[in-house]
Amino acid sequence: MQEAIGIKFRGGSKTYFFSPNGIADIKAGDRVVVETAQGLELATCVHGAQEIDDSKLASPLKSIVRLATEEDLRQEALHTAKEAEAFDICRRKIAEHRLDMNLTLVEYSFDANKITFYYTSDGRVDFRELVKDLAATFRTRIELRQIGVRDVARMLGGLGCCGRPICCATFLTDFQPVSIKMAKEQNLALSPTKISGACGRLMCCLHYEQHCYESMRKRMPKVGTEVETADGPGVVLDNNVLTERTKVKVTVSDGTPDIREYPYNELTKLE
């Protein structure tokens, strides 16, 4: 076990662990300057010092350098303003070089010795002349990084069809494969507009909710099974995994058939 502090970088949802380096009273929400392989970076603390199992930590842990000062925050605000300007300049130069690429985001490093331009494209792009042009304009190191449409959604954020911030920008740490079979098994309408996320791909929640559907279906009676209900014997017609209720066709006291719903755990399977 090691004492570690969890932090997140801008535009990411994954938590990274750093050594507190003797700095006391770091709490969730604090801005901190950390040491990374690319140099110093500004990040946000998501939880204070905790004992974390060694198997979850990279070894050795990099360190928290300091709590962010007012000067650090002013520098971040200055970089944010410059990023908007750099975005417009780069987009104009992409058009001048007639490159088939869509600029998504511009990011200055904390020490401003590198500018990263994130873009999407359907194929490979020869951007060597563009890099030379940008380097001559900004007089600093330039990196162009191609990303996928799901990465774009995570970086830019937004609201999902549920009305909440999209999962990849809040808590999902990795993108998992999602299939149309999952949508079918969850009884969702197969309209692309209803099962696609902000990125245009199948919604990530289909994957991490699939286990709940599979687990609940194993406990609920299968369609066609004869069961005993509070109103007498009946046959299972349908299961609603979300409400955990089962629709059963029963025969009521006057001999007429009726369809009623019951909590699945109140039903007994008939032999």
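Structural data are supplied above this passage.
Small disclaimer: the values here were computed from a predicted structure and weren't measured. (Residues numbered from 1 in each chain as written. Predicted model: local features only at pLDDT ≥ 70, side-chain atom pairs only at ≥ 80, totals over all residues. Heavy atoms only, no water.)

Visitor: If you had to explain the sheet that holds strand β7 (residues 114–120) to someone new, which residues and values would you point to?
Guide: Strand pairing in a sheet takes place through backbone hydrogen bonds and is either antiparallel or parallel in direction. One open sheet accounts for three strands, arranged β6-β7-β8; its pairing is mixed. Looking along the sheet, the strands with just one partner apiece sit at the ends: β6 (102–108) and β8 (141–146). This sheet shows a mean twist of 20° between the axes of neighbouring strands, independent of strand direction. Bridging between β6 and β7 involves six bridges; their strand directions are antiparallel. Pairing of L105 across the sheet is with Y118, part of β7. (Pairing = 2+ DSSP bridges. Helix = DSSP H or I, 4+ residues; strand = E, 2+ residues; numbered from the N terminus. Axes fitted to C-alpha atoms, helices over the stretch in contact; angles between N-to-C directions.)

Visitor: Run through the environment of K8, naming residues and quoting values.
Guide: Along the chain, K8 turns up in strand β1 (residues 2–8). When the C-alpha positions of K8 and H47 are compared, they lie 9.9 Å apart, and in sequence the two are 39 residues distant. There is a polar contact of 3.0 Å between the side chain of K8 and the backbone oxygen of T170. (Polar contact = N/O pair within 3.5 Å; in protein donor to acceptor, adjacent residues only side chain to side chain.)

Visitor: I'd like a rundown of helix α1 (residues 70–96), residues and numbers included.
Guide: Under the 1.5 Å per step criterion, the end-to-end length of α1 is 39 Å for 27 residues, consistent within 8% with the ideal 39 Å. For α1, the full list of buried residues reads D72, H79, E83, A86, F87, I89, C90, K93 and I94. Among the structural elements, β3 (31–36), β4 (39–52), β5 (64–67), β6, β7 and α2 (128–138) are those in contact with the buried residues of α1. Of the residues flanking the end of α1, it is R98, one or two places downstream, whose phi is positive at about 55°. (Expected span 1.5 Å × (residues − 1). Buried < 20%, exposed > 50% of the residue type's maximum accessible area, 1.4 Å probe, protein only. Contact = heavy atoms within 4.5 Å.)

Visitor: Account for the pattern of salt bridges, naming residues and giving values.
Guide: Pairs can form between side chains of opposite charge once their charged atoms are near each other. Tallied over the entire structure, the rule returns 18 salt bridges. The salt bridge involving D126 is made with R128; its shortest N-O contact spans 2.9 Å. Taking relative accessible area as the criterion, R128 reaches 58% and is therefore assigned exposed. Between R260 and D258 there is a salt bridge; the shortest N-O distance is 2.9 Å. Using a relative accessible area of 31% as the deciding quantity, one classes R260 as partly exposed. A relative accessible area of 30% means that D258 is categorised as partly exposed. The network of salt bridges with shared partners includes R10, E83 and E107. (Salt bridge = Lys/Arg side-chain N within 4 Å of Asp/Glu carboxyl O.)

Visitor: Can you break down the packing of α1 against α2 residue by residue, with the values?
Guide: Running from N to C, α1 and α2 point in directions that differ by 145°, and their axes come no closer than 11 Å. The chirality of how α1 crosses α2 is right-handed. Here α1 contributes A86, I89, C90, K93 and I94 to the contact with α2, which in turn contributes L130, D133, L134, T137 and F138. When grouped by side-chain class, the residues that make up the contact of α1 with α2 number seven nonpolar, one polar and two charged. (Left-handed = near helix turned anticlockwise from the far one by under 90°. Nonpolar A, V, L, I, M, F, W, Y, C, P; charged D, E, K, R; others polar.)

Visitor: Tell me about the pairing of strand β12 (residues 257–263), residues and numbers included.
Guide: Summarising the sheet, strand β11 (residues 245–251) and β12 pair through seven bridges and their orientation is antiparallel. Across the sheet, V250 pairs through a bridge with D258, a residue of β12. The turn linking β11 back onto β12 is made up of five residues, and G255 within it adopts a positive phi angle of 90°.

Visitor: How would you explain the nonpolar core if you had to name every residue and give the values?
Guide: If you look at the biggest cluster of nonpolar residues, it comprises 19 residues, and the most contacted ones within it are M101, F117, L134, F138 and L144. Of all the secondary-structure elements, those providing two or more residues to this core are α1, β6, β7, α2 and β8. In terms of residue count, the dominant contributor to this core is α1 (five residues). Those residues within four positions of M101 in sequence are excluded, and the remaining contacts are I94, Y119, T120, S121, V125, L130 and L144. Counting nine residues, the second-largest nonpolar core is a separate cluster that includes I5, V32, V34 and C45. (Core = buried A, V, L, I, M, F, W, Y, C linked by side-chain atoms within 4.5 Å.)

Visitor: Break down the packing of aromatic side chains for me, citing the residues and quoting the values.
Guide: Counted under the stated rule, the structure contains five aromatic pairs. Ring centres of Y119 and F127 lie 6.0 Å apart, and the angle between their planes is 80°; this geometry places the pair in the edge-to-face category. Among the aromatic residues, those joined into a ring-pair cluster are F9, Y16 and F18. (Phe/Tyr/Trp six-rings, centres within 6.5 Å; stacked < 30°, edge-to-face > 60°.)

Visitor: How would you sum up helix α6 (residues 205–219)? Please name residues and give values.
Guide: With 15 residues, α6 extends 22 Å from end C-alpha to end C-alpha; this agrees with the ideal 21 Å at 1.5 Å per step. Its axis deflected by about 25° at H211, α6 carries its strongest bend there. Those residues of α6 lying buried are C205, L206, Q210, Y213 and M216. Taken together, the buried residues of α6 touch α4 (180–185) and α5 (192–195). (Bend = angle between axes of the 7 residues up to and from the residue.)

Visitor: Let's hear about the state of the cysteines: which residues, and what values?
Guide: As enumerated under the stated definition, the model contains zero disulfides in all. Not engaged in a disulfide, the cysteine C168 finds its nearest cysteine sulfur in C204; these two sulfurs lie 5.8 Å apart. Of the residues examined, C168 reaches a relative accessible area of 8% and is grouped as buried. Here C199 is not cross-linked by a disulfide; its sulfur's nearest cysteine counterpart is in C204, at 6.3 Å. (Disulfide = S-S within 2.5 Å.)

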